[in-house]
Amino acid sequence: PGVTLTIPAGVTLTFAATDVMGAGANTSRAELQVAGTLIADATPAAPIVLAAASATAGSWYGVDLLPTAAGSVLDNLQISYPIYGLTHRATGANTLTSITVTSASIAGLYATAGLATVDGLVVVGSNVTDHGVLVGATGSAALSNCVLRNADTYGARLETTLAGRTLALTNC
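What this report covers is the structure whose coordinates are included nearby. Nothing here was measured: the structure is a model prediction, and the numbers come from that model.

Overview of the state of the cysteines
Then, number 1: For the structure shown, the criterion picks out one disulfide.
Then, number 2: There is a disulfide in this structure between Cys146 and Cys172, and the S-S distance comes to 2.0 Å. What sets the handedness of the Cys146 and Cys172 disulfide is the S-S torsion sign, and at about 130 degrees it is right-handed. With a gap of 26 residues between them, Cys146 in the loop between strand 13 (140–144) and strand 14 (147–149) and Cys172 in the segment after strand 16 (167–170) connect regions that are remote in the sequence.
Then, number 3: Assessed through its relative accessible area of 5%, Cys146 is described here as buried.

Here it is as structure tokens:
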């Protein structure tokens, strides 16, 4: 918390299929955990790419906005071959726009806490992608101008374990 990481437009980060630190939400896969602020503010001409070293769905965990993540800007971000493209556990405000997730093994967006508000989410599954969007635990999601395609099981799924949670889709 209290730390800001800025990734410049046009940068590609490649994640190993193993987690040498043995830490985080998945101790066997690399991941980008955000406990403070992540500024990944790019353009359509120069997106930021977060990809696996291996072109296999589920090769790395993905981006994880932890409960303390706030003030993050993710714009024109491409995430390839994760388990979950973007896991949203954050309860603070974050700006999430123009995010493309390809070939996630479980979900392009996994909202487990707070309200994940995303404009311009594109999830292109593979033959093993379970969900375009999965809303579980105490999470909710509000998506606008989204495309969810080629998921093996569900385009969008709201697990109804707690009252008061929502999944809103506008122009999707």
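Topic: the environment of Ala55
Then, number 1: With respect to the secondary-structure elements, Ala55 resides in the loop between strand 5 (48–52) and strand 6 (62–65).
Then, number 2: Between the C-alpha atoms of Ala55 and Asn76, which are 21 residues apart in sequence, the distance is 21 Å.

What about the pattern of salt bridges?
Then, number 1: According to the stated counting rule, one finds two salt bridges in the structure shown.
Then, number 2: Two residues, Arg157 and Glu159, come together in a salt bridge whose shortest N-O distance is 3.8 Å.

Brief notes about the pairing of strand 5
Then, number 1: Burial within strand 5 is extensive, with five of its five residues counted as buried.
Then, number 2: Neither face of strand 5 is exposed, since Ile48, Leu50 and Ala52 on one face and Val49 and Ala51 on the opposite face are all buried.
Then, number 3: In this structure, strand 2 (residues 12–15) lies alongside strand 5, joined through four bridges in parallel fashion. Each bridged residue has a counterpart across the sheet, and for Leu13 the counterpart in strand 5 is Leu50.
Then, number 4: Across four bridges, the pairing between strand 5 and strand 7 (residues 73–80) is parallel. The residue of strand 7 that forms the bridge with Ile48 is Leu77.

A closer look at the environment of Pro82
Then, number 1: Structurally, the position occupied by Pro82 is in the loop between strand 7 and strand 8 (84–88).
Then, number 2: Between the C-alpha atom of Pro82 and that of Thr56, which follows or precedes it by 26 residues, the distance is 8.4 Å.
Then, number 3: Ignoring any residue separated from it by four or fewer positions in sequence, one finds Pro82 in contact with Ala57, Gly58, Trp60, Tyr61, Gly62, Val101, Thr102, Ser103, Ala104 and Ser105.

Topic: the nonpolar core
Then, number 1: Formed by 35 residues in total, the largest nonpolar core has its most connected members in Leu50, Leu77, Ile79, Leu86, Ile99, Leu109 and Leu121.
Then, number 2: Among the elements that take part in this core, strand 11 (residues 115–124) stands out by supplying four residues, more than any other.
Then, number 3: When residues no more than four places from it in sequence are discounted, the contact partners of Leu109 are Leu86, His88, Ala116, Val118, Leu121, Gly132, Val133, Leu134 and Leu143.
Then, number 4: Grouped together as the second largest cluster of nonpolar side chains are six residues, Tyr61, Tyr84, Ala107 and Tyr110 included.

Describing the packing of aromatic side chains
Then, number 1: In the structure shown here, the tally under the stated rule is three aromatic pairs.
Then, number 2: Judged by centre distance (4.0 Å) and plane angle (5 degrees), the rings of Phe15 and Trp60 are stacked. Here the residue Phe15 occupies a position in strand 2, and Trp60 occupies one in the loop between strand 5 and strand 6, the gap between them amounting to 45 residues. There is no split in this pair, since Phe15 and Trp60 are both buried.
Then, number 3: A ring pair is formed by Tyr84 and Tyr110, whose centres lie 4.7 Å apart and whose planes are at 20 degrees; its orientation type is stacked. Placement of Tyr84 in strand 8 and of Tyr110 in strand 10 (residues 107–111) is noted, with a sequence separation of 26 residues between them.
Then, number 4: We classify Tyr84 as buried; its relative accessible area is 13%.
Then, number 5: An aromatic cluster of three or more residues is present, and its members are Tyr61, Tyr84 and Tyr110.

So, how was this worked out
Residues numbered from 1 in each chain as written. Predicted model: local features only at pLDDT ≥ 70, side-chain atom pairs only at ≥ 80, totals over all residues. Heavy atoms only, no water. Disulfide = S-S within 2.5 Å. Helix = DSSP H or I, 4+ residues; strand = E, 2+ residues; numbered from the N terminus. Buried < 20%, exposed > 50% of the residue type's maximum accessible area, 1.4 Å probe, protein only. Salt bridge = Lys/Arg side-chain N within 4 Å of Asp/Glu carboxyl O. Pairing = 2+ DSSP bridges. Contact = heavy atoms within 4.5 Å. Core = buried A, V, L, I, M, F, W, Y, C linked by side-chain atoms within 4.5 Å. Phe/Tyr/Trp six-rings, centres within 6.5 Å; stacked < 30°, edge-to-face > 60°.

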